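A closer look at the structure
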Amino acid sequence: MQAEAGEAPVRAGEPGRQFAAARLRQAILAGDMAPGQRLVEEELAGTLAVTRASLRTALFDLAAEGLVERIPKRGARVRAVTLDEAIAITECRMALEGLCAAKAAERITEPQAGRLRQLGDEMERSVADGEPLKYSALNHELHRLIREISAQTVAAGLLERLNGQLVRHRFQLALRPGRPQASLPEHLAMISAITARRPAEAEEAARRHLSSVITALRDTQEAP
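First, a word on scope: everything that follows refers to the structure included in this document. Computed from a predicted model, the values in this text were never measured in an experiment.

1. Observations concerning the environment of Asp32
Along the chain, the position of Asp32 falls in the loop between helix 1 (13-29) and strand 1 (38-39). The class of Asp32 is exposed, set by a relative accessible area of 56%. In contact with Asp32, other than residues within four places in its own chain, are Ala27 and Gln37.

2. Some thoughts on the pairing of strand 2 (residues 68-71)
Along any regular strand, the residues point their side chains to alternate faces of the sheet. In this sheet, strand 3 (residues 75-78) lies alongside strand 2 in antiparallel orientation, the contact comprising 4 bridges. Within the sheet, the bridge partner assigned to Glu69 lies in strand 3 and is Arg77. Connecting strand 2 to the antiparallel partner strand 3 that follows it, the hairpin turn spans 3 residues, and Lys73 within it adopts a positive phi of roughly 65 degrees.

3. Quick look at the layout of surface pockets
The volume enclosed by the largest pocket comes to roughly 270 Å³. Along its surface, the largest pocket is lined by 13 residues, and Leu29, Arg147, Glu160, Asn163 and Gly164 are the ones closest to its centre. Looking at the lining of the largest pocket element by element, the count peaks at 4 residues for helix 7 (residues 153-164). Taken together, the residues that form the lining of the largest pocket break down as 3 nonpolar, 3 polar and 7 charged. The volume enclosed by the second largest pocket comes to roughly 200 Å³.

4. Looking at the sheet that holds strand 2
For sheets, the rule is that strands pair by backbone hydrogen bonds, running either parallel or antiparallel. A sheet is described by the order of its strands in space; here 3 strands give the open sequence 1-3-2, paired in antiparallel fashion. In the strand order of this sheet, the two ends are held by strand 1 and strand 2, each with one partner. As paired elements, strand 1 and strand 3 share 2 bridges and run antiparallel to each other. Looking across to strand 3, one finds that Arg38 is bridged to Arg77. Sheet strands in contact with helix 3 (residues 52-64) are strand 1, strand 2 and strand 3, and its direction is about 115 degrees off that of strand 2.

5. Structural notes on the packing of aromatic side chains
A full pass over the atoms with the stated rule returns 0 aromatic pairs. Over the ring of Phe60 we find Arg70, and its NZ or CZ is 4.3 Å from the ring centre.

6. Here we look at the packing of helix 5 (residues 110-128) against helix 6 (residues 132-150)
Helix 6 packs onto helix 5 with a crossing angle of 165 degrees between their chain directions and a minimal axis gap of 9 Å. Taken together, the axes of helix 5 and helix 6 are roughly antiparallel relative to one another. Handedness of the crossing formed by helix 5 with helix 6: left-handed. For the pair formed by helix 5 and helix 6, the contact residues are Gln112, Arg115, Leu116, Leu119, Glu122, Met123, Ser126 and Val127 on the first element and Lys134, Tyr135, Leu138, Asn139, Glu141, Leu142, Leu145, Ile146 and Ile149 on the second. For the contact of helix 5 with helix 6, the per-class residue count stands at 10 nonpolar, 3 polar and 4 charged.

7. Remarks on empty space enclosed by the protein
Taken as a whole and assessed by the stated rule, the structure comprises 1 cavity of 30 Å³ or more. Approximately 350 Å³ is the volume found for the largest cavity. Along its surface, the largest cavity is lined by 20 residues, and Arg93, Asn139, Arg170, Leu173 and Val213 are the ones closest to its centre. If you list the elements that add at least two residues to the lining of the largest cavity, you get helix 4 (83-107), helix 6, helix 8 (167-174), helix 9 (179-195) and helix 10 (199-222). The element best represented in the lining of the largest cavity is helix 6, accounting for 5 residues.

About the criteria used
Residues numbered from 1 in each chain as written. Predicted model: local features only at pLDDT ≥ 70, side-chain atom pairs only at ≥ 80, totals over all residues. Heavy atoms only, no water. Helix = DSSP H or I, 4+ residues; strand = E, 2+ residues; numbered from the N terminus. Buried < 20%, exposed > 50% of the residue type's maximum accessible area, 1.4 Å probe, protein only. Contact = heavy atoms within 4.5 Å. Pairing = 2+ DSSP bridges. 1 Å grid on protein atoms, 1.4 Å probe; cavity = no way out; pocket = protein on both sides within 12 Å on 5 of 7 lines; lining within 4 Å. Points joined across faces, edges and corners; volume = space filled by probe spheres on them. Nonpolar A, V, L, I, M, F, W, Y, C, P; charged D, E, K, R; others polar. Axes fitted to C-alpha atoms, helices over the stretch in contact; angles between N-to-C directions. Phe/Tyr/Trp six-rings, centres within 6.5 Å; stacked < 30°, edge-to-face > 60°. Lys NZ or Arg CZ within 6 Å of the ring centre and 35° of its normal. Parallel < 35°, antiparallel > 145°, perpendicular 65-115°, else oblique. Left-handed = near helix turned anticlockwise from the far one by under 90°.

The structure is reproduced here in structure tokens:
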């Protein structure tokens, strides 16, 4: 993370807590902070221009979200999610993503359907052009947009917390040879069912996609 520009006043209390949590969450989700990386309170408080007390409470918030782990007498670090945990998290995602896909199919507007179709076209181009990281970003945006369209705020909030713990595994899957080609038809099936306003089919397509993700994660576990 880069230091805050200029001589910004030091944030304290609840504003400092919220600011620090948001900045650290963003850095972890973007992959800018590696799993296992130590989070030194004094250093981070100075970088973010918040009090140490605000920084400390922000770390407790992130620990509750599963993004950070606190180690007695040794401070905090970015939590490293094991492969078994990643599989368990994805099993939970399967149910929630299916729900959001079904709700999105019930509530989608024509402009939203156009945006989903556009994303599908962009995903097809990224696969054809051999751009796995671009495909990964589009994949992330597709799932985010489906959650937004669904208007199922409880499920969306739970998914955002779960997805935050899977950053490293998501990047690893995105870079696996053949993975984008395998998941593209699954994503297109989700788009097709949602834009056609078929909730049951949309839910099944979402669950089928997450089942494929679980299989890919297990293949990683079994690889020599």
